Amino acid sequence: MTRPTAWRYVICAAGLLACLPLAAQSPQEQDMTQIHITMSGSPGAEFSAHWRITHEGETTEHVEESGTVPAEYTFTGTELEGTVKLLSDDERLEVDIQKGSNRSRSSTQGAGGTLTVSIR
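Predicted model only: the values in this text are computed from it and were never measured.

Describing the sheet that holds strand 4 (residues 71-76)
Sheet architecture is open: four strands sit in the order 4-1-6-7, paired in antiparallel fashion. At either end of the open sheet lies a strand with only one pairing partner, and these are strand 4 and strand 7 (102-109). Across this sheet, the average inter-strand angle for adjacent strands is 15°, counted without regard to direction.

If you want it as structure tokens, here you go:
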């Protein structure tokens with residue numbers, strides 16, 4: 001391959017890179033939109049959960065009417081609000097929510113215990 005031909009490939013590759021979308025998120029930006037929820041406590045404890053996730057101005061809802069511990073959820077969003085209710089007697093429920101470096105931890109014990117959580 002001659003030098004002028006090699007330069008054509010370099011210029012062509014640079015042109016292709018310039019056409020990539022500018023809206024792509026960096027790994028740090030993705031960390032700030034990934035919301036990870038871990039439900040722990042008494043194994044087998046039953047709960048209900050209602051999550052409201054806001055991302056780019058739109059809010060979606062996720063309802064779990066009868067979940068059991070352990071459970072994990074991952075959502076993409078900038079904000080999360082939720083209500084979690086423990087349905088089992090004599091059980092413990094722990095909710096851990098992480099978004100980037102922000103973390104929220106809550107727990108309740110006994111049937112009817114209700115947690116209201118949010119993270120931004």
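Focus: unusual backbone geometry
Looking along the chain, the bond that leaves Val-69 and enters Pro-70 is cis, with omega of 0°. When you line up the elements, Pro-70 lands in the loop between strand 3 (58-68) and strand 4. In this structure, Glu-56 is a non-glycine residue whose phi angle is positive, near 50°. Looking at the secondary structure, you find Glu-56 in the loop between strand 2 (46-55) and strand 3. The backbone of Asp-90 shows a phi angle near 50°, a positive value even though the residue is not glycine.

Focus: the sheet that holds strand 2
In spatial order, the strands read 3-2-5-8; together these four strands make up an open sheet with antiparallel pairing. Sheet topology places strand 3 and strand 8 (114-119) at the edges, where each strand pairs with a single neighbour. Direction aside, the axes of adjacent strands within the sheet are offset by 10° on average. Bridging between strand 5 (residues 79-86) and strand 8 involves six bridges; their strand directions are antiparallel. The partner of Thr-83 across the bridge, within strand 8, is Thr-116.

Things to note about the pairing of strand 1 (residues 34-41)
Pairing analysis gives six bridges linking strand 1 to strand 4, with the strands arranged antiparallel. Counted as the bridge partner of Gln-34 is Thr-76 from strand 4.

Conventions we followed
- The residue numbering used here restarts from 1 in each chain and proceeds along that chain's sequence as written.
- Per-residue local features are limited, in this predicted model, to residues with pLDDT of at least 70; the limit for side-chain atom pairs, both in listing and counting, is 80 or more; totals at the level of whole chains, interfaces and linings are taken over all residues.
- Hydrogens are left out, water is left out, and the side-chain values use all remaining heavy atoms of the structure.
- When DSSP locates at least two bridges between a pair of strands, those strands are taken to pair.
- Where helices and strands are cited, they refer to DSSP runs of H or I of at least four residues and of E of at least two residues respectively, numbered from the N terminus.
- Here an axis means a line fitted to C-alpha atoms, over the contact stretch when the element is a helix, while the angle between two N-to-C directions is reported on a 0 to 180 degree scale.

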